[in-house]
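Okay, here's what each chain looks like letter by letter:
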Amino acid sequence: MTNTATNNYIEVTSNLVVMRGIYQIVLNYYIKGKRKQKWKSLKIKAISGNKNLAKRKQKEIERQFEEELNTPKETTQYKGSNILFSKYMEEWLETMKPRVELSTFPSYENKVKIISKYFNDLGIKLCDLKKSHIKTFYNHLMQTRNIKPQTVKRYHANIHKALKEAVELDLIPINPADNIKLDKSEQYIASYYNKEELEKLFDVAKGSIIELHILLASYYGLRREEVCGLKYSSINFVDHTITISHTVTQCNVDGQYITLKKDRTKNKSSYRTLPLVPVIEDLLLKEKVKQEENKKYFGNTYKNKDGYILVDDEGNLIKPDRVTKTFKKLIERNNLKKIRFHDLRHSCASLLLANGVNMKEIQQWLGHSNFNTTANVYSHIDSSSKEKSANIIANILSV
């Protein structure tokens, strides 16, 4: 069958792959010399005896898709537009599984579930979706679900991306999410401890299983996953440096709470090598000695085979969720000002700012991907530049 729009037959090939224990196929084809791909889940578990079934399904879908691509445009243009928008979002979500980080997918999934339920109740078709429907949904998020404008922007990013792909697939002629004016986000005001509050925290944390977690986050402004991912291979006791290169995160995947260990950081800028602060170096050396003693004591049952720094006596990794829970209890038990573990990162930045370190240097210390992130989060506590401006204007306009 020939595509009348181009007079060229579009051939489709496919690859059978396994993602998270489920057979998926990748459909490959060329349009106007440009390679295209489409992922589709077969919803068949990759277990013994299922491969032949998956291959048969693969060939069937490959044939159907090739036929669809080569059916004259006048009969297929916007063919899928009669699908409910809620159903389209669910199908789009499935295509995102192999395209995003395993730890990132739950965020997509949670938002699409809310989007899908709202629009399914309204019964709006993809072809009938208008800007007004989308804008009303955003108002619903803020007014009924009390979701902040900054988070609404993340919902918009998902909807816009999904509809952009619907346009590319000729399901709809234009993207109704284009040029939607979103409410301005409130400036994020980070919570943090001052010098005295941090010192009190250090004092009550002595002997706690997360004492070193707290110190590392406070001195270096490390993210929780960066602290948990520190290994002794990251520490150079000769050159006195610490390298942030490995992370440990936890997420919910298909109903299972799993731990992900990655030899990479959140972004390229997060990979950084910093000088070892003497007090931290001493504590790390002591921890190393303690671990060696525990290895001898527990022998073959000792768990820490990967060289993580922050483990319990038996070598079990102290995971991020345990850090969060233990930190919260420590704060409450000692009647300290309520902050999150992540706010120790903000505390580090605020102390650096208060003592004359400029924003660019703080960006590099914290491992932010761009300067604007640092400036937006910490500009409200940059008192040094404000005092300098005040002194200058006072000298110029002396009464």
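Let me sum up the structure you'll find in this document.

## Some thoughts on the overall build of the chain
Scanning the chain from N- to C-terminus turns up 15 helices and eight strands. For the chain, the proportion of its 399 residues judged to be buried stands at 41%. When the accessible surface of the chain is totalled, it reaches about 23000 Å², and 50% of it is carbon and sulfur.

## Some points on helix H1 (residues 51-69)
With 19 residues, H1 should reach 27 Å at 1.5 Å per residue; the first-to-last C-alpha distance of 27 Å fits that figure. Every buried residue of H1 is accounted for by Ala54, Gln58, Ile61, Glu62, Phe65, Glu66 and Leu69. Along the axis of H1, the buried residues cluster in a sector spanning 135°; they form a single face. Opposite the buried face of H1, at more than 90 degrees from it, the exposed residues are Asn52, Arg56 and Lys59. As for H1, its buried residues are in contact with strand E1 (13-19), strand E2 (22-31) and strand E3 (34-45).

## Notes on the sheet that holds E3
The three strands lie next to each other as E1-E2-E3, forming an open sheet whose pairing is antiparallel. Pairing within the sheet leaves two strands with one partner each, and these edge strands are E1 and E3. On average, adjacent strands in this sheet sit at an angle of 25° to one another, irrespective of strand direction. Here 10 bridges tie E2 to E3, and the two strands are oriented antiparallel to one another. Residue pairing across strands places tyrosine 23 opposite isoleucine 44, the latter belonging to E3.

## Here's the deal with the pairing of E2
When you tally the buried positions in E2, you get seven out of 10 residues, the bulk of the element. Here E1 runs beside E2; their pairing, made up of seven bridges, is antiparallel. When the sheet's bridge partners are listed, threonine 13 is paired in E2 with asparagine 28. Between the antiparallel neighbours E1 and E2 lie two residues, among them arginine 20 with a positive phi of about 55°. Hairpin connection between E2 and E3: a loop of two residues separates the two successive antiparallel strands, and lysine 32 in this loop has a positive phi of roughly 55°.

## Considerations on a positive patch on the surface
A grouping of Lys40, Lys43, Lys57 and Lys87 is seen on the molecular surface, where their side chains present a positively charged patch. With respect to the helices and strands, the residue lysine 40 is situated in strand E3.

## With respect to the packing of aromatic side chains
One pass over the full model with this rule turns up 12 aromatic pairs. Ring plane angle 90° and centroid distance 5.6 Å describe the contact between phenylalanine 327 and phenylalanine 341, whose orientation is recorded as edge-to-face. Here phenylalanine 327, found in helix H11 (residues 320-333), pairs with phenylalanine 341, found in the loop between H11 and helix H12 (343-354); they are 14 residues apart in sequence, far enough to count as distant. In this structure phenylalanine 327 comes out as buried when scored by relative accessible area, which is 1%. Residue class for phenylalanine 341 comes out buried when judged on its relative accessible area of 5%. An aromatic cluster of at least three residues, connected via ring pairs, comprises Phe85, Tyr118, Phe119, Phe137, Tyr138 and Tyr155. For arginine 20, the ring lying beneath its charged end belongs to phenylalanine 105, and the centroid distance is 5.6 Å. A cation over a ring is seen here: lysine 111 above tyrosine 155, with NZ or CZ 5.7 Å from the ring centre.

So, how was this worked out
- Residues numbered from 1 in each chain as written.
- Predicted model: local features only at pLDDT ≥ 70, side-chain atom pairs only at ≥ 80, totals over all residues.
- Heavy atoms only, no water.
- Helix = DSSP H or I, 4+ residues; strand = E, 2+ residues; numbered from the N terminus.
- Buried < 20%, exposed > 50% of the residue type's maximum accessible area, 1.4 Å probe, protein only.
- Areas by Shrake-Rupley, 256 points an atom, 1.4 Å probe, with all protein chains shown as cover.
- Expected span 1.5 Å × (residues − 1).
- Arc of directions from axis to C-beta.
- Contact = heavy atoms within 4.5 Å.
- Pairing = 2+ DSSP bridges.
- Axes fitted to C-alpha atoms, helices over the stretch in contact; angles between N-to-C directions.
- Patch = residues over 30% accessible without salt bridge, like charges linked within 9 Å, V, L, I, M, F, W, Y side chains within 5 Å.
- Salt bridge = Lys/Arg side-chain N within 4 Å of Asp/Glu carboxyl O.
- Lys, Arg positive; Asp, Glu negative; His and termini not counted.
- Charge placed at Lys NZ, Arg CZ, Asp CG, Glu CD.
- Phe/Tyr/Trp six-rings, centres within 6.5 Å; stacked < 30°, edge-to-face > 60°.
- Lys NZ or Arg CZ within 6 Å of the ring centre and 35° of its normal.

Limitation: the analysis is restricted to geometry and does not speak to function.
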